[in-house]
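The primary structure of each chain is shown beneath.
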Amino acid sequence: QIGRYAAYLLERSALIARRRGQEEIDRRAVFAAIDREESFILGDKSPIPGATAPSTSTRHFRDVSQEAGFPDSVATYDGTGLDARFSMQRFVSSGVAVGDLTGNGYPDFYIAGEGLGRLYINGGDDGPGTFVDATEDWGLPEETHDVSAALFVDFFGDGDLELLLIRTDSPSQFFIQQEGQFVDVADDLGFRTRKGAHTASVADFFGDGRLDIYVGYYNSERYLRGASQMNVASADGRNGRPNQLWRQNERGRFDEVSRRVGVADTGWTLTTAAFDHDRNGHMDIYVVNDFGPNTLYRNQGDGSFEEVSISTGTVDAGPGMNASFADVNESGYFDIYVSNIDMYRMPRWFVFPSRERRLGDPTRLSGAFEDRAGNRLLGNQRSADGDHIFRGLEEMFPDHDKGWCWSAAFFDYDLNGYEDLYVTNGWVPGTEAHEQKNQFYRRRGDRFELQRTNGVESFASNSRTVVAVDVDRNGKLDLLVNNYREPPRLLKNTYRGPNRSVQVNLTGPPTQPMAIGAVVELESGGRSQLRQVIAGSGYLAQEDPLLTFGVAQARQVDITVYWPDGHIQRFDDQPTGQVINLVYEDE
């Protein structure tokens, strides 16, 4: 880490020296580089001109963590009983599951991480947006120090949510509901992950109406097998434990088929996400790797996948953390926001130390290490021949150091019909990335502007996962942020303007009532917005199945639902300012 940061600062120092007309890098240029980079994340120093919106006292959110019932501290784990080789994953495990477990119409949470592993039940109508720790009441285990990711999913179409816990050191767990308690049936269902499991996404990958599970793994295969004492990524990052795809069969059990269908990715995976990149009705898989290039697997609809990363422009060799989806460029297809360790981003040329002595494009040299591309917004466009090409839209963001960067959540803060973005930051104590500020970007025309405020949304921490969810069902999206060795923080949206929202609750076909994979298109004021029901995206995050659209001041909207089985339903003249329940009907 020190070497990486030093190389990055050298490049920034050279840039500053050139702007000052200097022939060589001196101490003043180095100190200016350090001061300038820290100003965005660690302090309140002057920003680079044009990089951010002016600093204001605007308060976008209110921290309601304590009054909502979340803890004011968390216990730290000393590692006793945990295989020491998994300590790295303990630093990065922070999953948040979102789902209406009790059926009262309000979101409940399972929050993973060191000192957590807790189930929080929403008070509903009697206490909207307040939570009770119900971990023990629901029979969940207390020792969950190695849980990295969690998902609430109705796998069997019976109306009850199951709880999937992905564990790094222990076998993952698959809890079903029995008489008000959670019971682990992973072994009975044949769902057996290996050491190093880190993340998961759920979708019907085979078009049979049954939900399947894609699991991503972190760490090297040799290390996890005990064949090596060194846990080091190879030059191409492809020495990780292969990812797994668990297909649900007609008996409700799971069979591992990753190699057979072509998705046994061997990068060091931090995020997996299932989405339909070309909207052909088949759920594709995007794999974000810390080491090794990111990979897009196109679902061919015949039970197999094709790796299309290079042809689609979705390959990214940076230290990947997150994948979030939104139709930012309004092309009618989902774009991808990929977060990397942005504070180490570098252009594709090295300075030694003047521009005249650079190497050009040292592809082979930089490929042996990591591509410092920084965070990327990949805009999805359909070409004339029907292919989908993703083009970088980084010009929509200010050019500044965005920090370590973990999770990112698209959401419409002020309900004006345009997506805003929240990015979490920070690493661990004792590093240069300790307690970095989280960053909130608001969409202004064709740009995202960083909001430089003293508000709670800019708190400095070692944050990991963020989910945008309306905790009290008032039509506005709040933020739940999970942090390393700190309590989760619930940030209440304080927008009070005239804009309105529409919240869409889907009930899918009997075999898949959650309608995972369904795409909802909302039309209002001559514009269209897209959302897709996804189970597992961001960084170890689960999006709220209740889809929230900002519609400015519109009173009616038209909605089209593209169901996972290919059926299409249109619902015109729907009222705004409320939850709309849309039910699958096979006409």
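Keep in mind that what you see is a predicted model, and the values were worked out from it rather than measured.

### Considerations on unusual backbone geometry
Okay, step 1: The backbone of Arg473 sits at a positive phi, close to 55 degrees, despite the residue not being glycine.
Okay, step 2: Looking at where Arg473 falls in the secondary structure, it is placed in the loop between strand S28 (463–469) and strand S29 (478–483).
Okay, step 3: In the Ramachandran plot, Leu540 falls in the positive-phi region, its phi being about 55 degrees despite a non-glycine side chain.
Okay, step 4: Among the secondary structure elements, Leu540 is positioned in the loop between strand S33 (527–532) and strand S34 (547–550).
Okay, step 5: By relative accessible area, Leu540 is classed as buried at 4%.

### Concerning the side chain of His277
Okay, step 1: By the element assignment, His277 lies in the loop between strand S14 (268–275) and strand S15 (284–291).
Okay, step 2: Here Asp284 takes part through its side chain, which lies 2.8 Å from a polar atom of the side chain of His277.
Okay, step 3: Apart from the residues lying within four places of it in its own chain, the contact partners of His277 are Asp284, Leu296, Arg298, Thr312, Tyr333, Asn380, His388 and Phe390.

### A few points about the nonpolar core
Okay, step 1: Residues Tyr110, Phe174, Ile213 and Ile559 are the most contacted members of the largest nonpolar core, which totals 90 residues.
Okay, step 2: Element by element, the count of residues in this core is highest for strand S6 (residues 147–153), at six residues.
Okay, step 3: Excluding its chain neighbours within four sequence positions, the residues that come into contact with Ile559 are Val502, Val504, Val520, Glu521, Leu522, Gln569, Arg570, Phe571, Gln574, Ile580 and Leu582.
Okay, step 4: Core analysis: the next-biggest nonpolar cluster, separate from the first, contains 17 residues, Val64, Phe70, Phe109 and Ala541 among them.

### Examining the sheet that holds strand S32 (residues 519–524)
Okay, step 1: As summarised here, the arrangement of the four strands in space is S33-S32-S35-S36, forming an open sheet in which the pairing is antiparallel. The open sheet has two free edges, formed respectively by S33 and strand S36 (568–575), since each of these has just one partner strand. Within this sheet the neighbouring strands show an average axis-to-axis angle of 20 degrees, counted without direction.
Okay, step 2: The pairing of S32 with S33 spans six bridges and is antiparallel. Following the sheet pairing, Glu521 is matched in S33 by Leu530.

### Some details on the pairing of S14
Okay, step 1: Of all eight residues that make up S14, eight are buried, and the element is covered over most of its length.
Okay, step 2: Across seven bridges, S14 lies against S15 in antiparallel orientation. Of the residues in S15, the one forming a bridge with Ala273 is Tyr286.

### As for the pattern of salt bridges
Okay, step 1: Enumeration according to the criterion identifies 27 salt bridges in this entry.
Okay, step 2: Asp146 serves as the salt-bridge partner of Arg167, at 2.7 Å between the closest nitrogen and oxygen. With a gap of 21 residues between them, Arg167 in strand S7 (residues 162–167) and Asp146 in the loop between strand S5 (131–133) and S6 connect regions that are remote in the sequence. Asp146 matches Arg167 in its accessibility class, with the two residues each being buried.
Okay, step 3: A salt bridge links Arg194 to Glu221; the shortest N-O distance between them is 3.5 Å. Of the two residues, Arg194 sits in the loop between helix H5 (186–189) and strand S10 (197–203) while Glu221 sits in helix H6 (residues 221–224), which places them 27 residues apart along the sequence.
Okay, step 4: By sharing partners, the salt bridges in this structure join Arg194, Glu221, Arg225 and Arg241 into a single network.

### Examining the sheet that holds S6
Okay, step 1: Read from one edge to the other, the open sheet built from four strands follows the order S6-S7-S8-S9, with strand pairing classed as antiparallel. Looking at which strands have only one partner, the edges of the open sheet turn out to be S6 and strand S9 (181–184). Strand after strand, the sheet turns through a mean of 25 degrees between neighbouring axes, direction not considered.
Okay, step 2: Two strands pair when backbone bridges link them, and strand S8 (residues 173–178) and S9 are joined in this way by four bridges, in the antiparallel orientation. Looking at the pairing, Phe175 lines up with Asp184 of S9.

### Some thoughts on the confidence of the model for the protein chain
Okay, step 1: Summary statistics for the protein chain give a mean pLDDT of 88 and a share of 85% for residues scoring 70 or more.
Okay, step 2: Between residues 37–54, whose pLDDT stays under 50, and residues either more than four places distant or in other chains, the model counts 47 contacts.
Okay, step 3: Predicted confidence is poor over residues 347–372, with pLDDT under 50, and the contacts of this stretch with residues over four places away or in other chains come to 38 contacts.

### Some details on a negative patch on the surface
Okay, step 1: Among the surface-exposed residues, Asp565, Glu585, Asp586 and Glu587 lie close enough to one another that they form a single negatively charged patch.
Okay, step 2: The residue Glu585 is located in the segment after strand S37 (578–583) in this model.
Okay, step 3: Judged by relative accessible area, which is 48%, Glu585 ranks as partly exposed.

### Brief notes about the side chain of Asn425
Okay, step 1: Examined against the element boundaries, Asn425 turns out to sit in the loop between strand S23 (420–423) and strand S24 (436–437).
Okay, step 2: Here Trp404 takes part through its backbone nitrogen, which lies 3.1 Å from a polar atom of the side chain of Asn425.
Okay, step 3: In terms of polar contacts, Asn425 uses its side chain to reach the backbone amide nitrogen of Cys405, at 2.8 Å.
Okay, step 4: Sequence-distant contacts of Asn425, that is, excluding residues within four places in its chain, are made with Lys402, Gly403, Trp404, Cys405, Trp406, Gln436, Lys437, Asn438, Gln439, Ser461, Asn462 and Ser463.

### Things to note about the environment of Asp446
Okay, step 1: Turning to its location among the elements, Asp446 is positioned in the loop between strand S25 (439–444) and strand S26 (447–450).
Okay, step 2: Taking relative accessible area as the criterion, Asp446 reaches 58% and is therefore assigned exposed.
Okay, step 3: Separated by 51 residues in sequence, Asp446 and Glu395 place their C-alpha atoms 9.2 Å apart.

Conventions we followed
Residues numbered from 1 in each chain as written. Predicted model: local features only at pLDDT ≥ 70, side-chain atom pairs only at ≥ 80, totals over all residues. Heavy atoms only, no water. Helix = DSSP H or I, 4+ residues; strand = E, 2+ residues; numbered from the N terminus. Buried < 20%, exposed > 50% of the residue type's maximum accessible area, 1.4 Å probe, protein only. Polar contact = N/O pair within 3.5 Å; in protein donor to acceptor, adjacent residues only side chain to side chain. Contact = heavy atoms within 4.5 Å. Core = buried A, V, L, I, M, F, W, Y, C linked by side-chain atoms within 4.5 Å. Pairing = 2+ DSSP bridges. Axes fitted to C-alpha atoms, helices over the stretch in contact; angles between N-to-C directions. Salt bridge = Lys/Arg side-chain N within 4 Å of Asp/Glu carboxyl O. pLDDT = per-residue confidence, 0-100. Patch = residues over 30% accessible without salt bridge, like charges linked within 9 Å, V, L, I, M, F, W, Y side chains within 5 Å. Areas by Shrake-Rupley, 256 points an atom, 1.4 Å probe, with all protein chains shown as cover. Lys, Arg positive; Asp, Glu negative; His and termini not counted. Charge placed at Lys NZ, Arg CZ, Asp CG, Glu CD.

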